[in-house]
Amino acid sequence: MYSLQLLIGNKNYSSWSMRPWVLMRHFDIRFEEVMLRFDGFDEHSMFKQRLKGVTPVGKVPVLLDKGFAIWDTLAIAEYLAERFPSLSLWPQDVQERARARSLCAEMHSGFGALRNHCPMNIEASLPHIGQKVLAEQPAVHTDLARITTMWSEALNASGGPFLFGSFSIADAYFSPVTFRITTYGLPVPPLVQAYIERVHASKGVKDWVAGAMAEHDFVAVDEPYRSQRE
Ligand SMILES: N[C@@H](CCC(=O)N[C@@H](CS)C(=O)NCC(=O)O)C(=O)O
C-alpha cells in the first residue's frame, strides 16, 4: 500500500489527470492509481459520487497523501515538489523556476479556445477537424501561436531537450497540449515538432498513452466530433 494515491479520469480524455500522473511516473514517485471512469458529470454519476467527501470541487485529479487530499493540478505539482525536494521537479535556477511557474500558470488559466475546440482525445486522429477549426476560429490561432512562441523561447534558452533542460513540471503540464496538436494535425515549426516527439517518447507520457489506448470507453460529452471510436 503506497502512501500516495492519485485519483484520475479516463486516460484518453482527462488532460488534467494526465499532468500529475505523468510527472509522478516520470520521476518514479510511487503511487496507487485510482481510476474514476467518466460516466457523466451530473451529481448522480458514479464519478461524482466517488468524489463526494474527497474533494469539495468534484473534479480530478486529486492526490491523497495518507488520506489527506490535495486537489487542483497546480497545487498537486507544488505539493510533490515540496514533498520530494531532491527530485528537482521544478528547474533548480530561481529565475528558470519562476519562468516555468509563469508558463504553467498561463496554461492553468488560459488557452480556452484550444481547449474548447480541440479537446484531448489521444486515441483519435482528427486532422480534418483541425483544419476546420483553424479556418473558423481565429482564437485557436492565437493560442497556438502563443504555445509555439513560449516553447520555442524556452527550448532556445535552455538548449533542450525539454523546456527547461531536463524534464520538469512544465513538460508534464504541457504534455496534453502536445496531443491536442497531433490529434488535430495543428501546424507547428520543426523545433516544436521535435520537442513534441521527445515528450511523446518520454517514460511517463509513453506509459499514459499505453493506458489511453487500452481503454474502450466512448464518452460522448468529451467527443464533439465523433459518434463512436473508429
Ligand atoms: N483546475 C482543475 C481542473 C480539473 C478538471 O476540470 N478536471 C476535469 C477532468 S479533466 C473534471 O474532473 N471534470 C468534471 C466536471 O467538470 O464536473 C485542475 O487543475 O485540476
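Going through the model one piece at a time under the given rule, you end up with eleven aromatic pairs. Ring geometry for phenylalanine 27 and phenylalanine 167: centres 6.4 Å apart, planes at 55°, overall tilted. On the criterion of sequence distance, the pair formed by phenylalanine 27 in the loop between helix H1 (15-26) and strand S2 (32-35) and phenylalanine 167 in the loop between helix H7 (138-158) and helix H8 (169-183) is long-range, its members being 140 residues apart. Of the two residues, phenylalanine 27 and phenylalanine 167, both sit in the buried class. Ring centres of tryptophan 151 and phenylalanine 174 lie 5.8 Å apart, and the angle between their planes is 75°; this geometry places the pair in the edge-to-face category. Taken together, the residues span a long stretch of sequence, with tryptophan 151 in helix H7 and phenylalanine 174 in helix H8 at a distance of 23 residues.

Partitioning the chain into structural domains gives domain 1 (4-87 + 216-222) and domain 2 (94-212). Put simply, the middle of domain 1 and the middle of domain 2, counted by C-alpha atoms, are 20 Å apart. Contacts between domain 1 and domain 2 engage 25 residues on the former and 29 residues on the latter. For the domain 1 and domain 2 pair, buried surface summed over both sides reaches about 2,400 Å², with 67% attributable to carbon and sulfur atoms. The largest contributions to the domain 1 side of the interface with domain 2 come from Asn12, Met18 and Arg19, which together make up 28% of the buried area. At the boundary of domain 1 and domain 2, one finds three salt bridges. Here lysine 203 ties to aspartate 28 by a salt bridge, and the two come within 3.2 Å at their closest N and O atoms. Viewed at the interface, domain 2 and domain 1 are joined by eleven residue pairs in polar contact (both at pLDDT 80 or more).

Definitions and cut-offs
- Residues numbered from 1 in each chain as written.
- Predicted model: local features only at pLDDT ≥ 70, side-chain atom pairs only at ≥ 80, totals over all residues.
- Heavy atoms only, no water.
- Phe/Tyr/Trp six-rings, centres within 6.5 Å; stacked < 30°, edge-to-face > 60°.
- Helix = DSSP H or I, 4+ residues; strand = E, 2+ residues; numbered from the N terminus.
- Buried < 20%, exposed > 50% of the residue type's maximum accessible area, 1.4 Å probe, protein only.
- Domains from an automatic or database assignment.
- Contact = heavy atoms within 4.5 Å.
- Buried area = accessible area lost by both parts, 1.4 Å probe.
- Salt bridge = Lys/Arg side-chain N within 4 Å of Asp/Glu carboxyl O.
- Polar contact = N/O pair within 3.5 Å; in protein donor to acceptor, adjacent residues only side chain to side chain.

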